[in-house]
Structure formats: structure tokens, C-alpha cells
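Here is what each chain is made of, one letter per residue.
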Amino acid sequence: KWSQIFSIYIGQTKQGITLSANFPNVYTSLGIQENTSLMEAGTLFTIGLLGAFCYCIYTKQREKRLGTERILLIACCSVAIVLNFLPGMHDRYGLLLDILLLVFSMKSIKLVPFALLTECISLTAYMPYLFWVKPISLVYAGIANVFLLVLLLKMLYDGIESETKR
């Protein structure tokens, strides 16, 4: 049954008490780690933010056909929003954004710096486990991750606006 499949994940949501489980996101950039009162608020905020993002994409793109580049950029932005604002994100969840940006950078050369930045952020999170070295504080990697999200959203917005003006 579907309920049994999802009940495993729903049960796990109660296990995490940290806002960031070794993943540099908005909470680590603000220096907030353990605040259980922000867990529900962060989840609701993420759902609201994703809803607003989907609404904006729908209203701007409903008359136009989405190309491969735009779909990949929307996917990258969606994943980056979830990684940055959903509480309890582990470092392994950043792998999807790493893969998406690597694939996207093969399609568009202007995204190579974005792919390199996300790889550096992921490497920062993995290095304590791989090499027992902490190269920089996760606070700085969290700031870089928020900066990456802003750059991706700006790139998406600029692309939509340039199409609208045509």
C-alpha cells in the first residue's frame, strides 16, 4: 500500500531535531542549528515558498512552451529552495542539485561556475567524513549556498523577462 511506503518517511520527520544536518543552508548561514520551534515554521515556509515559486512560473509561462534549458533551470531552483529552507536537510540531499547543475552546465556553458560552486559546497560538507578535515566553516558554505540560490533565481527571472519583452 502507498500509505506504508510513505509512513516510513513521515515517521522519520519526527527524528531530526536540527535545522541543518551537516548541510550548509540558510539556517547554518544564520548560525541556527538546534531550534525545534523553527522546524514546523521552516517546513511551512518552504511549502509556501515553493507554492509561490510554482505560481510565478505558471503565470509567466502559461502561454509559452518550456524548453529543456528552462525546465532544467526550474528544477535547479526548486531543489535549491528545498535544500536551503527545508529543516533537517542532510549533506546527501545536495547530490541532486550537484547532478542537475553538472548536466545543465553541459548544455549551457554559462552554468559551469554554478556547477563548480555547488560542487565546492558539497565537498565542504563531505570533507569531514572523507578526509577528517573541515576546510571552512559551514556558515560560509551556507552563505555561498544562499548566494547560489539567489543567482539561479535571478537567471531564471532574467530569462523569463527577456522572453516577455520579445
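Everything quoted here is computed from the prediction, not taken from an experiment. Throughout, a residue's number is its position along its own chain's written sequence, starting from 1. Where local features are concerned, this predicted model is filtered to residues with pLDDT of at least 70; where side-chain atom pairs are given and counted, the filter is 80 or more; whole-chain, interface and lining totals use all residues. Each side-chain value is derived from all of the structure's non-hydrogen atoms; neither hydrogens nor water enter the calculation.

Quick notes on the packing of helix H4 (residues 68-85) against helix H5 (residues 95-107)
Pairs of packed helices are described in terms of their axes, by the angle between the two and the distance that separates them. Lines fitted to C-alpha atoms define the axes, with helix axes restricted to the stretch in contact, and inter-axis angles between N-to-C directions lie between 0 and 180 degrees. Numbered from the N terminus, helices here are DSSP runs of H or I no shorter than four residues, and strands are runs of E no shorter than two. Where H4 meets H5, the axes come as close as 10 Å, and the angle between the chain directions of the two elements is 155°. Considering the angle they form, H4 stands roughly antiparallel to H5. Like other packed secondary-structure pairs, H4 and H5 cross with a definite hand, here left-handed. Residues Thr68, Glu69, Leu72, Leu73, Ala75, Cys76, Val79, Ala80 and Leu83 of H4 form the contact with H5, whose own contacting residues are Leu96, Leu97, Leu100, Leu101, Phe104 and Lys107. Along the lines of polarity and charge, the residues of the contact of H4 with H5 split into twelve nonpolar, one polar and two charged. Convention used here: angles under 35 degrees read as roughly parallel, angles over 145 as roughly antiparallel, angles from 65 to 115 as roughly perpendicular, and any remaining angle as oblique. Note: crossing handedness is left-handed where the near helix turns anticlockwise from the far helix by less than a right angle, and right-handed where it turns clockwise. Note on contacts: a residue pair is in contact if any heavy atoms of the two residues lie within 4.5 Å. Each residue gets one label: Ala, Val, Leu, Ile, Met, Phe, Trp, Tyr, Cys and Pro are nonpolar, Asp, Glu, Lys and Arg are charged, and the others, such as Gly, are polar.

Digging into H5
Expected span of a helix, by definition, is 1.5 Å for each gap between consecutive residues, and there is one gap fewer than residues. For H5, which comprises 13 residues, the first-to-last C-alpha distance of 19 Å matches the rise-based estimate of 18 Å (1.5 Å per residue) to within 8%. Categorising residues by exposure relies on relative accessible area from a 1.4 Å probe, with only protein chains included: less than 20% of the type maximum marks a residue as buried, more than 50% marks it as exposed, and the intermediate range marks it as partly exposed. Buried within H5 we find Leu97, Asp98, Leu100, Leu101, Phe104 and Ser105.

As for the packing of aromatic side chains
Note on aromatic pairs: each is described by the distance of the centres and the angle between the planes. Note on ring pairs: Phe, Tyr and Trp rings are taken, using the six-membered ring of Trp, and paired if centres are within 6.5 Å. Classes follow the plane angle, with under 30 degrees stacked, over 60 edge-to-face and the rest tilted. Scanning the model with the defined rule gives one aromatic pair in all. In this analysis the charged atom, NZ for Lys or CZ for Arg, is taken to sit over a ring once it is within 6 Å of the ring centre and within 35 degrees of the ring normal. Across from the ring centre of Tyr93, 5.1 Å away, lies the NZ or CZ of Arg92, which sits over that ring.

A short note on H4
An ideal rise of 1.5 Å per residue puts 26 Å on 18 residues; H4 measures up with 26 Å between its terminal C-alpha atoms. Those residues of H4 that fall on the buried side of the exposure criterion are Arg70, Leu72, Leu73, Ile74, Cys76, Cys77, Val79, Ala80, Ile81, Leu83, Asn84 and Phe85.

Comments concerning the packing of H5 against helix H6 (residues 112-130)
Relative orientation of the contacting elements H5 and H6 amounts to 155°, with a least axis distance of 8 Å. Relative to H6, the element H5 lies roughly antiparallel. For the element pair H5 and H6, the recorded crossing hand is left-handed. Where H5 abuts H6, its residues Leu97, Asp98, Leu101, Leu102 and Ser105 lie against Val112, Phe114, Ala115, Thr118, Glu119 and Ser122. The residue makeup of the contact of H5 with H6, split by class, is six nonpolar, three polar and two charged.

Points about the pattern of salt bridges
Only one rule defines a salt bridge in this text: a Lys or Arg side-chain nitrogen within 4 Å of an Asp or Glu carboxyl oxygen. This structure, assessed with the given rule, holds two salt bridges. For Lys110, the salt bridge is made with Glu69, and the minimal N-O distance between the two is 3.9 Å. Residue Lys110 is located in the loop between H5 and H6, and its partner Glu69 is located in helix H4; the two are separated by 41 residues in the primary sequence. Linking Lys154 and Asp158 is a salt bridge whose minimum nitrogen-to-oxygen distance equals 2.6 Å. Of this pair, Lys154 and Asp158 both sit in helix H7 (residues 138-165), four residues apart, roughly one helical turn.

Examining the nonpolar core
To define a nonpolar core, start from buried Ala, Val, Leu, Ile, Met, Phe, Trp, Tyr and Cys residues and group those joined through side-chain atoms within 4.5 Å. The biggest cluster of nonpolar side chains holds 30 residues, and the ones touching the most others in it are Leu97, Leu101, Leu152 and Leu156. Those elements that place two or more of their residues in this core are helix H2 (26-29), helix H3 (37-61), H4, H5, H6 and H7. No other element matches H4, which puts ten residues into this core. Contacts of Leu97, omitting those with residues within four sequence positions, involve Cys76, Val79, Ala80, Leu83, Thr118 and Leu148.

Thoughts on the state of the cysteines
Note on terminology: disulfide denotes any pair of cysteine sulfur atoms within 2.5 Å. Under the definition given, this model contains zero disulfides. With no disulfide of its own, Cys54 has Cys56 as its nearest cysteine by sulfur position, at a separation of 9.4 Å. Judged by its relative accessible area of 49%, Cys54 is partly exposed. Overall, Cys56 belongs to the partly exposed group, its relative accessible area being 44%.

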